[in-house]
Amino acid sequence: IINTRLINDLEQAEHAVQELSENEVIINAISRKRNNSLSIYSELYAISKDIRDFAAVDIYQGSKCIFSTATSSLSKELPLNYSVLREAAEKEDSIIFSLDPTYSSENGADILIAKEINGEENQGFVVVRIEQEEIESRLKDSINAKDGFMLTDRFFRPYCLIGTAKDSKALALIRSNLLNKISYN
């Protein structure tokens, strides 16, 4: 159940990122051919309609957020020189998943899903942010009270720890076992 929910959410987010990165109105929004804000927001909201109940969608020009579906001002600037924007610029045709480096802790972080927008003049990005609390909220009903769930990146840095995994001890044990080449049976 968890796998299905999570995969479905991430696939919907990827689809929105891809569609927004290829949308002419959005491409023009980061270049000098900027359309009016009403048409930009109209496209942004139409394309992101399936994910807005669990994610915010931002359009970045360089490191600065210029359009957003978020109601708060959480994601106004991301560094270009590291993390998700740097990786998206380096792998321009790829959709990148990353922890948010500015809002992470030992218990988790927001998921950032990003893709570079291939504009003519200015570097731009589509960034979908799924907050750690939202991941937990969407998955916690599927976790037995005695069980735990960990969602981590490839370096075992957590996006979300739920249930018995929330104290980080299990994640620390897994890291230790992997570093010491202790296998699981």
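All residue numbers refer to position in the chain's written sequence, counted from 1. Thresholds applied to this predicted model are a pLDDT of at least 70 for local features of residues and 80 or more for the giving and counting of side-chain atom pairs; totals over whole chains, interfaces and linings are not thresholded and use all residues. Excluded from the side-chain calculation are hydrogens and water; included are all heavy atoms of the structure.

(A) The pattern of salt bridges, seen in detail. Here, a salt bridge means any Lys or Arg side-chain nitrogen found within 4 Å of an Asp or Glu carboxyl oxygen. Counted by the stated rule, this structure contains eight salt bridges. Between R129 and D110 there is a salt bridge, and its shortest N-O distance comes to 3.2 Å. Of the two residues, R129 sits in strand 5 (residues 124-130) while D110 sits in strand 4 (residues 108-117), which places them 19 residues apart along the sequence. Each member of the pair, R129 as well as D110, carries the same accessibility label: buried. Working definition: helices are DSSP H or I runs of at least four residues, strands are E runs of at least two. Numbering for both runs from the N terminus. Whether a residue is buried, partly exposed or exposed follows from its accessible area with a 1.4 Å probe, protein chains only, as a fraction of its type maximum: under 20%, in between, or over 50%, in that order.

(B) Here's a closer look at the side chain of S63. Checked against the element boundaries, S63 lands in the loop between strand 1 (56-61) and strand 2 (64-68). Contacts are assigned to residue pairs with any non-hydrogen atoms lying within 4.5 Å of each other. In contact with S63, not counting residues within four places along its chain, are K76, E77, L78, L80 and L85.

(C) Looking closely at the nonpolar core. Here, nonpolar core refers to any group of buried Ala, Val, Leu, Ile, Met, Phe, Trp, Tyr and Cys residues whose side-chain atoms link them within 4.5 Å. In this structure, I59, I113, V128, I130, F149 and L151 are the most contacted members of the largest nonpolar core, which totals 37 residues. Of all the elements, helix 1 (residues 2-22) adds the most residues to this core, at seven residues. Setting aside chain neighbours within four positions, we find L151 in contact with L6, I111, I135, R157, P158, Y159 and C160. In this structure, L85, L112, F125 and V127 belong to the second largest nonpolar core, which totals 11 residues.

(D) Representation of the side chain of D110 in the model. When its relative accessible area of 5% is taken as the criterion, D110 is described as buried. Of note is the side chain of D110, whose polar atom sits 3.0 Å from the backbone nitrogen of Q132. Polar contact is the term for a pair of N or O atoms within 3.5 Å; when the atoms are in protein, one must be able to donate a hydrogen and the other to accept it, and sequence-neighboring residues count only if both atoms are side-chain atoms.

(E) Fine view of the packing of aromatic side chains. For this analysis, a ring pair means two rings from Phe, Tyr or Trp (six-membered ring only for Trp) whose centres lie within 6.5 Å, classed as stacked if their planes differ by under 30 degrees, edge-to-face if by over 60, and tilted for the remaining angles. Scanning the entire structure with this criterion turns up two aromatic pairs. Relative to Y45, the ring of Y41 lies with its centre 6.1 Å away and its plane at 45 degrees, an arrangement referred to as tilted. Pair noted here: Y41 and Y45 are both in helix 3 (residues 37-47), with a separation of four residues, about one helical turn. Where Y41 meets F67, the ring centres are 5.3 Å apart and the plane angle is 80 degrees; that geometry is what we call edge-to-face.

(F) Summary view of the environment of I130. Within the secondary structure, I130 is located in strand 5. Spatially, the C-alpha atom of I130 lies 9.5 Å from that of I51, the residues being 79 residues apart in sequence. The residues contacting I130, other than those within four sequence positions of it, are L10, F54, A55, D110, I111, I113 and I135.

(G) A look at the pairing of strand 5. Extensive coverage of strand 5 is indicated by the burial of seven of its seven residues. Judged by which residues are buried, strand 5 turns out to be covered on both faces: G124, V126, V128 and I130 on one side and F125, V127 and R129 on the other are all buried. At least two DSSP bridges between two strands are needed for those strands to be called paired. Pairing of strand 1 with strand 5, which is carried by six bridges, proceeds in the antiparallel orientation. Within strand 5, the residue paired with V57 across the bridge is V128. As judged from the seven bridges shared by strand 4 and strand 5, these two strands associate in the antiparallel manner. Its bridge partner being in strand 5, I111 is matched across the sheet by I130.

(H) Seen up close, the packing of helix 1 against helix 3. Between helix 1 and helix 3, the least distance of the axes is 9 Å, while the angle of their chain directions is 155 degrees. It follows from the interaxial angle that helix 1 and helix 3 lie roughly antiparallel. Two packed elements cross with a definite hand, and for helix 1 against helix 3 that hand is right-handed. Residue-level contacts link A16, E19 and L20 of helix 1 to E43, L44 and I47 of helix 3. Residues are grouped as follows: Ala, Val, Leu, Ile, Met, Phe, Trp, Tyr, Cys and Pro are nonpolar; Asp, Glu, Lys and Arg are charged; every other residue, Gly included, is polar. The residue inventory of the contact of helix 1 with helix 3, partitioned by class, reads four nonpolar, no polar and two charged. Angles shown run from 0 to 180 degrees and are taken between the N-to-C directions of axes, each axis being a line fitted to C-alpha atoms and, for helices, limited to the stretch in contact. In this scheme, roughly parallel covers angles under 35 degrees and roughly antiparallel covers those over 145, while 65 to 115 is roughly perpendicular and the rest are oblique. Each crossing is labelled by how the near helix is turned from the far one, with a counterclockwise turn of less than a right angle marking it left-handed and a clockwise turn marking it right-handed.

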